[in-house]
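Structure assessment
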Amino acid sequence: MKTVRCVLLCSMVVAPAAVAAAAEKYQLHTFDKLQLSDRFFCEGASFGDFNNDGVMDIVSGPYWYAGPTFKQRHEYYEPKPYDINGYSKNFFAYAYDINKDGWKDIVIIGFPGEETYWYENSKGAERLWKQHLILKETSNESPDFADITGDRVPELICDSGGHIGYAEIPKDDPTQPWSFHNITPDRKYQRFTHGMGYGDLNGDGRIDILQKEGWWEQPADPKSEAWPFHPVKFTDAGGPDACLRCRRRWQERRCH
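Residues numbered from 1 in each chain as written. Predicted model: local features only at pLDDT ≥ 70, side-chain atom pairs only at ≥ 80, totals over all residues. Heavy atoms only, no water.

1. Here we look at the overall build of the protein chain
When its secondary structure is counted, the protein chain shows 2 helices and 15 strands. Every one of the 256 residues in the protein chain was classed for burial, and the buried ones make up 38%. Taking as baseline every contact in the protein chain between residues at least 6 positions apart, the subset at least 24 positions apart corresponds to 38%. Total accessible area on the protein chain stands at roughly 15,600 Å², and carbon and sulfur atoms take up 54% of it. (Helix = DSSP H or I, 4+ residues; strand = E, 2+ residues; numbered from the N terminus. Buried < 20%, exposed > 50% of the residue type's maximum accessible area, 1.4 Å probe, protein only. Contact = heavy atoms within 4.5 Å. Areas by Shrake-Rupley, 256 points an atom, 1.4 Å probe, with all protein chains shown as cover.)

2. A short note on the sheet that holds strand β12 (residues 197-199)
Note on sheets: strands pair through backbone hydrogen bonds, and any given pair is parallel or antiparallel. A sheet is described by the order of its strands in space; here 4 strands give the open sequence β12-β13-β14-β15, paired in antiparallel fashion. Because the sheet does not close on itself, it has two edges, and the strands there are β12 and β15 (229-231). Looking at each pair of strands side by side, their axes are set apart by 25° on average, direction ignored. Strand direction decides the pairing type here: β12 and strand β13 (residues 208-211), joined by 3 bridges, are antiparallel. By the bridge assignment, Y198 is partnered in β13 with I209. (Pairing = 2+ DSSP bridges. Axes fitted to C-alpha atoms, helices over the stretch in contact; angles between N-to-C directions.)

3. Regarding the nonpolar core
Of all hydrophobic cores here, the largest spans 14 residues; its most connected members are I98, V107, W118, I134, F145, L156 and W178. Listing elements by their share of this core, those giving two or more residues are β5 (92-96), β6 (105-109), β8 (130-146) and β9 (155-160). Counting residues per element, this core draws most heavily on β8, at 3 residues. (Core = buried A, V, L, I, M, F, W, Y, C linked by side-chain atoms within 4.5 Å.)

4. Things to note about the layout of surface pockets
Each pocket or cavity is described by its volume, and for the second largest pocket that value is around 320 Å³. In terms of lining residues, the second largest pocket is bounded by 17 residues, among which Y77, Y82, K89, Y119 and Q131 are the most central. By residue number, the principal contributor to the lining of the second largest pocket is strand β7 (residues 114-120), which donates 4 residues. Considering only residue class, the lining of the second largest pocket consists of 9 nonpolar, 3 polar and 5 charged. (1 Å grid on protein atoms, 1.4 Å probe; cavity = no way out; pocket = protein on both sides within 12 Å on 5 of 7 lines; lining within 4 Å. Points joined across faces, edges and corners; volume = space filled by probe spheres on them. Nonpolar A, V, L, I, M, F, W, Y, C, P; charged D, E, K, R; others polar.)

5. A short note on the packing of aromatic side chains
All told, the structure shown has 18 aromatic pairs when counted by the stated rule. An angle of 85° between the planes, with centres 5.0 Å apart, marks the rings of Y76 and Y77 as edge-to-face. What makes Y77 buried here is its relative accessible area of 18%. Over the aromatic face of Y63 sits the side chain of R73, whose NZ or CZ is 4.0 Å from the ring centroid. (Phe/Tyr/Trp six-rings, centres within 6.5 Å; stacked < 30°, edge-to-face > 60°. Lys NZ or Arg CZ within 6 Å of the ring centre and 35° of its normal.)

6. Side note on the sheet that holds strand β4 (residues 73-75)
The 4 strands lie next to each other as β1-β2-β3-β4, forming an open sheet whose pairing is antiparallel. One side of each edge strand has no neighbouring strand; the edge strands of this open sheet are β1 (45-48) and β4. Within the sheet, the average angular offset between the axes of one strand and its neighbour, ignoring direction, is 25°. For β1 and strand β2 (residues 57-60), the ladder comprises 4 bridges, and the chain directions are antiparallel. Considered in β2, the bridge of A45 is made with S60.

7. As for the pairing of β7
With 4 bridges joining them, β6 and β7 adopt antiparallel strand pairing. Residue pairing in the sheet places I109 in a bridge with T116 of β7. The turn joining β6 and β7, which pair antiparallel and follow one another in sequence, is formed by 4 residues; a positive phi near 90° is taken by G113. Judged from the 6 bridges that link them, β7 and β8 form a sheet pairing that is antiparallel. If you follow W118 over to β8, its bridge partner there is H132.

8. A look at a nonpolar patch on the surface
The grouping of L201, V232 and F234 at the surface amounts to a nonpolar patch, some 230 Å² of accessible area in total. We classify V232 as partly exposed; its relative accessible area is 32%. (Patch = residues over 30% accessible without salt bridge, like charges linked within 9 Å, V, L, I, M, F, W, Y side chains within 5 Å. Salt bridge = Lys/Arg side-chain N within 4 Å of Asp/Glu carboxyl O.)

Spelled out as structure tokens, the structure:
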């Protein structure tokens, strides 16, 4: 009991000093809001140096905006605004030099279950960028574009054809559609399947894939089909961790 009291008393003495030190080290920052457009073109945005001037630019919808002011916009595909009460056909954007020509290209993942494309940088020419198909069906509401195979080149991670898997950039001709590698059996995953993540869960240096029912362990050969599955109930589809819209649908099904 004496030891506990001593620790508590010491904490009370040290805490003010720690707070003072933290106050000196950190300061409150403010942010300025910059509105790029007053029309609804996309669900998300990203950034990259698209004109090779050493300054980061922003890509949002059919435009990329030159930094550092982001006032000058450049159209890289034909603009089509959407109803703000619905969804767009542009969900996720990524910047990466797909064809290794020294210019950042743009990857656009569209509406769940539909196509994913990449747009080839025009290298400063004021024209629409050439569109190339990556994958005809990119399902799941949380697809990603990241390196999971360890080759320092990102892959498109998603569901397709009822499977979880990834699509790689073709080494010979990146303008051709990408090959999709299944890592799971056909479990009827569909366009609105919720939840997907990645990370090294078992510390073996290889990236694994997570979903709400468990995680898929990457074997020594990432192209092996049916990665070992480890069931873990991370969340309940109708429980408190589900999105609000899904909880409402789940509750409605229970009422009928």
